[in-house]
Amino acid sequence: HPASALSSGINAEWPLRPGIFYSCKSLKIVIMIVFVLTLVSFALSAEAGCDYGSSLSGQGVSGTKLKQITTSSLSHPEWMGGRSFDENVKLCKESCDSNPECNGLQFSPTYWDHQECFLMTGTPYNRAGWRSEMKSCNANRACNIGPKLSGKGIGGKKLRQITTSSLSHPEWMKGRTFSQNVELCKKECSANPSCAGLQYSPTYWDHQECFLMDGAPYSRAGWTSEVFSCGLTSKCSYDNYQSGKGFSGKVLRQITTSSLSHPEWMGGRSFNENVDICKKDCMLNPDCHGLQFSPTYWDHQECFLMDGNSRYSRSGWKSLAKNC
C-alpha cells in the first residue's frame, strides 16, 4: 500500500533527531495525495476495459481470422471509410475489445499498398515484416453464472454453437482442450447481451456441443444448462428519445421488440426486456452510434442498431443517440 510504504520509509530513513522539525500535518497531506493518486490510477485502469501489450515487431498472431480492417490504402482510400490511419487502428482495438474470441491483433507490413489489421484468436509467432499486439481485458459486461442444471436445456433462439469435444472430428476444436472450449462458451455468452444461458449436449454424443441460447430453462433429458445473470458497465450513455426521427447509417443488427403475429420472435421476453437488449447490444458494439425504433402501429416492432452519426426526419419513428 502506498501509504504504508511511505510510512515505513519515514520510520526507516528519517528517524527523529534533534534539530530537525517534522510536521505531522505535512505528512498527512503527503499521504492523502499519494492515496488520491492511487485511487485515480485505479479508476483509470478499471475504466480502460482492455489493454494491449507493446508492439511485437516481426510477429503475427496465429489462429482464426475473425475480422479484417483496412487501416490505410494508397490505391483505395475509400476502404478507410473517411477515417485516418490512427482512427482505423483504434477501430481495430475496439472491435477486438468487444469480441471475446479475439486474443490479439496482427498488422500487415507497412510497405503494402493497403495496410490491414486482422483480429485473431491465437498466439504470437514469427512473421517477417508484420507486427502484433496482444489483448488483456477487464470485461465490461459482468455475469453471474448459476449452478449446473441437470436434465435441463434452455429455450429460445440458438445464438451460437461451439463444439467442446469430438472423437471423430477433433479439428472442430481448433487445437483447444474441452475445458478451453467450455470457457470460450462462457466468454461468448457473457459478451452477448442476447445470451440468457448455455445448454450442453449429452456426454454420450460423439461430439459434444455448447449452445448459446436466449430463452429460459426447460426439461430436456440428458442435457445440462447454466443460466447467466449479467450487468453492464460502460463509459457511454444515451440521450433522450426523439420522436419523428430515424438514425442514419448502415443497419448493424435488427431486434424484434414486440410482435402480434410472431410472438416467438421475442424469445419469451417482454417488450422492455427486448429494448434493454437493443441498448446493451449497441453499448457493446463500437460501430453502433445510435438506435432507431419502428412505428408502434407495425404488427411487429423493431429496433435497429445503426452506425451513422446523425438523426434525420422519419415519420412515426423514434431514435436514441449513443454518446461516449
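A few points on the structure. (Residues numbered from 1 in each chain as written. Predicted model: local features only at pLDDT ≥ 70, side-chain atom pairs only at ≥ 80, totals over all residues. Heavy atoms only, no water.)

Structural notes on helix α4 (residues 178-191)
For α4, which comprises 14 residues, the first-to-last C-alpha distance of 20 Å matches the rise-based estimate of 20 Å (1.5 Å per residue) to within 8%. Every buried residue belonging to α4 is among Asn181, Val182, Leu184, Cys185, Glu188, Cys189 and Ser190, and all of these are buried. (Helix = DSSP H or I, 4+ residues; strand = E, 2+ residues; numbered from the N terminus. Expected span 1.5 Å × (residues − 1). Buried < 20%, exposed > 50% of the residue type's maximum accessible area, 1.4 Å probe, protein only.)

Focus on the state of the cysteines
Under the defined criterion, the tally for this structure stands at six disulfides. Between the sulfur atoms of Cys185 and its disulfide partner Cys210 the distance amounts to 2.4 Å. Placement of Cys185 in helix α4 and of Cys210 in strand β11 (residues 207-213) is noted, with a sequence separation of 25 residues between them. For the pair Cys185 and Cys210, a shared accessibility class is recorded, and that class is buried. Paired by a disulfide, Cys278 and Cys303 hold their sulfur atoms 2.4 Å apart. Taken together, the residues Cys278 in helix α5 (residues 271-284) and Cys303 in strand β17 (residues 300-306) connect sequence positions 25 residues apart. (Disulfide = S-S within 2.5 Å.)

Observations concerning the pattern of salt bridges
Evaluation of the coordinates by the stated rule reveals nine salt bridges. A salt bridge links Glu133 to Arg131, with the shortest nitrogen-to-oxygen separation between them at 3.1 Å. Owing to a relative accessible area of 8%, Glu133 belongs among the buried residues under this scheme. For Asp214, the salt bridge is made with Arg269, and the minimal N-O distance between the two is 3.4 Å. Highlighted residues: Asp214 in the loop between β11 and β12 (217-232) and Arg269 in the loop between β15 (251-259) and α5, separated in sequence by 55 residues. Here Asp214 matches Arg269 in class, with each residue buried. (Salt bridge = Lys/Arg side-chain N within 4 Å of Asp/Glu carboxyl O.)

Overview of helix α3 (residues 85-97)
With 13 residues, α3 ought to run about 18 Å at 1.5 Å a step, and its terminal C-alpha atoms sit 18 Å apart, in line with that. The set of residues buried in α3 consists of Asn88, Val89, Leu91, Cys92, Ser95 and Cys96. Within α3, the buried residues cover an arc of 155° as seen down the axis, which keeps them to one side. For α3, the exposed residues set more than 90 degrees away from the buried face come down to Asp86 and Lys90. (Arc of directions from axis to C-beta.)

Some thoughts on the environment of Leu291
The topology assignment puts Leu291 in strand β16 (residues 290-293). On the accessibility criterion, Leu291 (0% relative accessible area) is buried. Apart from residues lying up to four places away in sequence, Leu291 is in contact with Tyr238, Phe247, Cys278, Lys279, Cys282, Cys303, Phe304, Leu305, Lys318, Ser319 and Leu320. (Contact = heavy atoms within 4.5 Å.)

Some remarks on the pairing of β16
Along β16, one buried face is formed by Gly290 and Gln292 and the opposite face, lined by Leu291 and Phe293, is buried too. Here β16 pairs with β17 via four bridges, running antiparallel. From the neighbouring strand, Gln292 faces β17, where its bridge partner is Phe304. Count of turn residues in the β16/β17 antiparallel hairpin: six residues. (Pairing = 2+ DSSP bridges.)

Describing the environment of Gly155
In this fold, Gly155 is placed in the loop between β8 (149-154) and β9 (158-166). The exposure class of Gly155 is buried, given its relative accessible area of 16%. Remark: the alpha-carbon pair of Gly155 and Gln199, spanning 44 residues in sequence, is separated by 9.0 Å. The residues contacting Gly155, other than those within four sequence positions of it, are Met213, Asp214, Gly215, Ala216 and Tyr218.

Structural notes on the packing of aromatic side chains
Counted by the stated rule, this structure contains seven aromatic pairs. Here Phe211 and Trp223 contribute two aromatic rings whose centre-to-centre distance is 5.6 Å and whose plane-to-plane angle is 40°, an arrangement assigned as tilted. One end of the pair, Phe211, is in strand β11; the other, Trp223, is in strand β12, and 12 residues separate them in sequence. Across this residue pair, the class does not change: Phe211 and Trp223 are buried. Joined through ring pairs, the aromatic side chains of Trp112, Phe118 and Trp130 make up one cluster. Above the ring of Tyr200, the side-chain terminus of Lys148 is found at 5.0 Å from the ring centroid. Directly above the aromatic system of Phe293 lies the positively charged group of Lys318, at a separation of 5.9 Å from the ring centroid. (Phe/Tyr/Trp six-rings, centres within 6.5 Å; stacked < 30°, edge-to-face > 60°. Lys NZ or Arg CZ within 6 Å of the ring centre and 35° of its normal.)

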